[in-house]
Structures are given as structure tokens and as C-alpha cells.
Amino acid sequence: MPTMKAGRMNFGTGEFHVQDVAVPSPGHGEVRVKVNAAGVCLSDVHLIRGLVRPLRNGDAERTLGHEVAGTVDAVGGGVEGWTEGDRVALQALVAKPWGVDTMGVDYDGGWAEYVVVPHGVLVAIPDSLPFEQACIIPDAVSTPWAAIQHTAKVKPGEAAVVLGVGGLGIHAIQILRMSGAAPIIAVDPLPGPRENALRRGADAAFDPTQPTFVEELHAFLGNRGVDTAFNFAGFPGIDEQILPLLSPGGRLTIAGLSGNPFTVENSVALIVHQQRILGHYGYLPADVEQLVRLVHWGRLDLRDSVSAVLPLEHAHEAVRQLETKDGDPIRLVLVP
Ligand SMILES: [Zn+2]
């Protein structure tokens, strides 16, 4: 039986290893994709460190990797419209009766030479789009896109704050710029990401660890509050800091997985001003297709989003670099 390298996480023992496993075969309705590039997400760091587990089958062993691009390698029965060699990105979420299954969490993902997926997750990508950029669209770009378009429903002229401008938040800055939000404010404790955010369209950037943070942000906004805030980072205490700055009708959308509890200190103000705290997860298949189109037509530039490309065998090193923010990586990409 042919084998391949795969980055496997055992959620029961908490161990992660790149090891040899059997090359999977596509069943009915499935497609095997030869992986050309796979992104490393902060969620992967959280999964490897045991901070986040699959909601179902919490002790399973899985190949990680939910940001994947490659070429169609083998097509199972009942699949039409795809042939060997087609260039694709994989959207990682599959709707299920119980909610949603995530590739690389609930079924084997793309930190491997090959991945088998239901054919419905394939999104064709043009020759103009390199695999390294294509693979990060599912999640690193499409999650902020969906948070902004579907969950927060941002309108032109709204004041927006992005908390955490790393892998996801930096793309939120670009998408908010396209969506007409004004002003757009980046909040991050690290100077590198703050500078990146200013380069990509933020009007101002603040350090939330400074004692004057809230006053400075308040002064920058004038009497106006924050219409729409996005938490992509999960650094402690940030939700408490931003809630009092929301405008009437303002909303805080939380997409960064941290697992930390937080307190609504003034629940009366939240009620009277009809503010909303929204959880956001994932994206729709159409979001990936729209983003591929926007990148192809030059409306969205992802060329600076891939900080480094590492061989799959160096997955541990990629996780370490992302976890310690060594070199302020936006996205690290693994290549089998
Ligand atoms: Zn992710």
C-alpha cells in the first residue's frame, strides 16, 4: 500500500508528529487532491497545544490542515465536472445535520501529500493564482470576509476596529477598506503587525497594552463610538476594553478562539444601546469563490500575506514560529 507523510494530531494523547500513513482513496462522491500548499493557522497551534479540541470525537487522531490548495489527483464515483490536474482550493467546512464538520479537525486535513474531500468543497482557481496564496483564502481571508459581510454586515461609513491584526485580522483590514468602513483602526500589542495594518489601509493603529489605550482610541474617534469591532486575536481583557466604546447599535464580533471568559461590566448600557455581541465561525462556499475572483481581478492583494514557505516535515518549526510570533508571520505555508 503506498504511503505518504502527514502531520497527525492525536487528541487523546496530545501528541503531534509528522509520520507515514497510507495514501487515502476517494470513495463515492469524493476527490483525492494532491496538496501543493497548506496554511498554518493559530487554530492549529491551539489544537496542538490542547487548548481547542474537536467538539465531537474529542479523542480522535487526525491529520491537521484546514487551509489547502492543490491539484485534483483522483476522482471517486458519482463525481462530475472535475478531472485530474485541475487546480483547486478547498473550503474546509462541510454542513452536517449536527452543524458543521471542519477539515483538519473533524476529518483528515491537508498537512499531507494527499487529502480526500467531498467534491462539494472544491473551488477552481485560475493559473494566475499561486497555490501558496490560494491555500490561505479558505479561513485566513474568507473567515474575516464572512465575519464582515454576513455576521457584522458592515456598511460604508461605519467606524471599525480590528482587535488583533495577525493572520486573519490583517485581511479584515483590507476587506473593511474595500467595504467602505471609515475610519478603520487596528489594535495589536506588537509593532510589526500594527505597521502591516497601516500599510494595508488602517487609518490608525493602537497598542492595547498601553495604559492610555482607551483614552487615545476615544480621542481618535471623537464623540463617535465604534460601530463594528472584530476580535480576531483573543488577547485577554480586550473585549472588556472595547465594549464601552461601542456606539448605540454597535456590535462586537468575536472570531478569535481563545477560550477565555469575559465579563459584560455594564449590561444596562448594552441593553439600552441595543448593542450586540456576535460569535462568528467560518464562511460559506460562495465566499471562497468570490475571494478567488477578487484576487484574480486585482481587487485584493495577497502577495505579502505568505511570510514563509516551509517543507511539511518542518511543521513543528512552523507552529513554533507562529506561536512565538517569531518574525511576525502573517501566514506560514507548508509544502509537502
Ligand atoms: Zn484557521
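Residues numbered from 1 in each chain as written. Predicted model: local features only at pLDDT ≥ 70, side-chain atom pairs only at ≥ 80, totals over all residues. Heavy atoms only, no water.

(A) Seen up close, the pattern of salt bridges. What the rule picks out here adds up to 17 salt bridges. When the shortest N-O distance is used, the salt bridge between Glu61 and Arg8 registers 3.0 Å. With Glu61 in strand β4 (residues 61-63) and Arg8 in strand β1 (residues 3-10), the pair connects residues that are 53 residues apart, well separated along the chain. Relative accessible area serves as the criterion here: at 32%, Glu61 is assigned to the partly exposed category. Arg56 is the partner of Asp101 in a salt bridge, and the nearest nitrogen-oxygen pair spans 2.9 Å. A residue pair is termed long-range when its members are at least 10 positions apart, and Asp101 in strand β8 (residues 99-102) and Arg56 in the loop between α1 (42-48) and β4 qualify at 45 residues. Here Asp101 falls in the buried class, since its relative accessible area comes to 8%. (Salt bridge = Lys/Arg side-chain N within 4 Å of Asp/Glu carboxyl O. Helix = DSSP H or I, 4+ residues; strand = E, 2+ residues; numbered from the N terminus. Buried < 20%, exposed > 50% of the residue type's maximum accessible area, 1.4 Å probe, protein only.)

(B) Molecular detail of the environment of Phe220. In this fold, Phe220 is placed in helix α5 (residues 213-221). Look at Phe220 and you get partly exposed, because its relative accessible area is 38%. Once the C-alpha coordinates of Phe220 and Pro183 are considered, the two residues, 37 residues apart in sequence, prove to be 9.5 Å apart. Among residues more than four places away in sequence, those in contact with Phe220 are Pro183, Ile185, Asp203, Ala204 and Phe206. (Contact = heavy atoms within 4.5 Å.)

(C) Looking closely at the domain arrangement of the protein chain. By domain assignment, the protein chain separates into domain 1 (3-139 + 282-335) and domain 2 (153-279). Each of domain 1 and domain 2 has a C-alpha centre, and the two are 28 Å apart. The interface of domain 1 with domain 2 comprises 16 residues on the first partner and 12 residues on the second. Summed over both sides, the interface between domain 1 and domain 2 buries roughly 1100 Å², with carbon and sulfur atoms accounting for 66% of that surface. By the criterion of area lost to domain 2, the three top residues of domain 1 are Leu300, Asp328 and Ile330, representing 39% of everything that side buries. (Domains from an automatic or database assignment. Buried area = accessible area lost by both parts, 1.4 Å probe.)

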